[in-house]
Amino acid sequence: MKKLLGAYYLAAAVTMAFSCHAIAADLPEIEKAGTLKVATEDDYAPFNFMTNGQTDGFNKDMLEELRKYAKFNVDQSILPWTGLLAAVSTGQYDMALTGAVITDERLNVFNFTPPWASAQHYFVKRAGDDSLNTIAALNGKKVGLQAGSALLARLPELKAMVEKTGGKLGPVVEYPSYPEAYADLANKRLDYVINVVISVNDLVKAKPKVFAKGLAVSGPGYMAWPIPKNSPELLAYMTKFMDHLRETGRLAELQKKWFGETYDNLPKEPITSADQFHKLAGL
């Protein structure tokens, strides 16, 4: 569990950095400057990825909608995931426009816009691997996840599930990005990989002969955009933007396009505390 503890230490370090050095601009400063600075990644399909050298995915389309809606420029910077949230927390960017899962640790640093997708965690296995058809079968198996991801924070849920069957959680390996984890899974250097259900569905649809969807390994979860705690007016603005997309039907269109389904029962309010998140997720 050393990797898991490392994730907690990283979260604590980000929290400290935010509290000491945050200079993120709130809405009045953004409007005065005429530019909203957003950070995205490019290696997390179907949320953010590259096609023929061009940005693509759900958040690319959402960014285009935001540019139509906003009366100021929206400047996008593409960063590696492992440093993205830290860069936003320290004020280098005003918000993260990427596939971020809500967790208790992140809520110490950020408020989140109303969610736009489910983030329940599932495991991925190799196609044809019938040895991993139950939670009990994960006993001692090597699992891969993205470094710094929210899935590490909820790994204790899987640990408890495996221990309930009389087993134990196996070695945890962290990767800079999911494609690297999937490559190791395909090459049998891992036994399974954990990701959010949308990404799992997307992967299995794209490579059905290589990968197969496993079982749920967490309770309910949500994906939303993180905004620093000291930017309440920007949070309210982005909430109105989400209301606009929902009311016009555009949000449902993009959910259907990229996720294959709509999410009509997601919370419609921002999520700003661990207590609120626990109640909404049934934790």
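Above: the structure in question.
Residues numbered from 1 in each chain as written. Predicted model: local features only at pLDDT ≥ 70, side-chain atom pairs only at ≥ 80, totals over all residues. Heavy atoms only, no water.

## Some points on the sheet that holds strand β7 (residues 100-101)
Next, step 1: The three strands lie next to each other as β7-β15-β9, forming an open sheet whose pairing is antiparallel. Edge strands, defined here as strands with exactly one partner in the open sheet, are β7 and β9 (117-118).
Next, step 2: Here two bridges tie β7 to strand β15 (residues 222-224), and the two strands are oriented antiparallel to one another. Along β15, the bridge assignment pairs V101 with M223. (Pairing = 2+ DSSP bridges. Helix = DSSP H or I, 4+ residues; strand = E, 2+ residues; numbered from the N terminus.)

## Digging into the sheet that holds strand β3 (residues 48-51)
Next, step 1: Ordered in space as β2-β3-β4, the three strands form an open sheet in which the pairing is antiparallel. Looking at strand neighbours, the two that pair on one side only are β2 (43-44) and β4 (54-56), the edges of this open sheet.
Next, step 2: Alignment of β3 against β4, held across three bridges, turns out to be antiparallel. Bridge pairing links F49 to D56 in β4.

## Considering unusual backbone geometry
Next, step 1: Note that the residue after A45, namely P46, is joined by a cis bond; omega there is 5 degrees.
Next, step 2: By the element assignment, P46 lies in the loop between β2 and β3.
Next, step 3: For N52, which is not a glycine, the phi torsion comes out positive at approximately 55 degrees.
Next, step 4: By the secondary structure assignment, N52 is in the loop between β3 and β4.
Next, step 5: Here K188, not a glycine, exhibits a phi torsion of approximately 65 degrees, which is positive.
Next, step 6: The residue K188 is located in the loop between α8 (178-186) and β13 (192-196) in this model.
Next, step 7: Taking the relative accessible area as the measure of exposure, K188 reaches 66% and is therefore exposed. (Buried < 20%, exposed > 50% of the residue type's maximum accessible area, 1.4 Å probe, protein only.)

## A look at the packing of aromatic side chains
Next, step 1: All chains considered together, the criterion is met by 17 aromatic pairs.
Next, step 2: Each ring, one from F72 and one from Y237, has its centre 5.5 Å from the other, and the planes form 40 degrees; the classification is tilted. Taken together, the residues span a long stretch of sequence, with F72 in the loop between α3 (58-69) and β5 (73-78) and Y237 in helix α10 (residues 232-248) at a distance of 165 residues.
Next, step 3: Owing to a relative accessible area of 10%, F72 belongs among the buried residues under this scheme.
Next, step 4: Taking the relative accessible area as the measure of exposure, Y237 reaches 14% and is therefore buried.
Next, step 5: Cation over ring: K213 sits above Y122, and NZ or CZ is 4.6 Å from the ring centre. (Phe/Tyr/Trp six-rings, centres within 6.5 Å; stacked < 30°, edge-to-face > 60°. Lys NZ or Arg CZ within 6 Å of the ring centre and 35° of its normal.)

The values are spatial; any link to function lies outside them.
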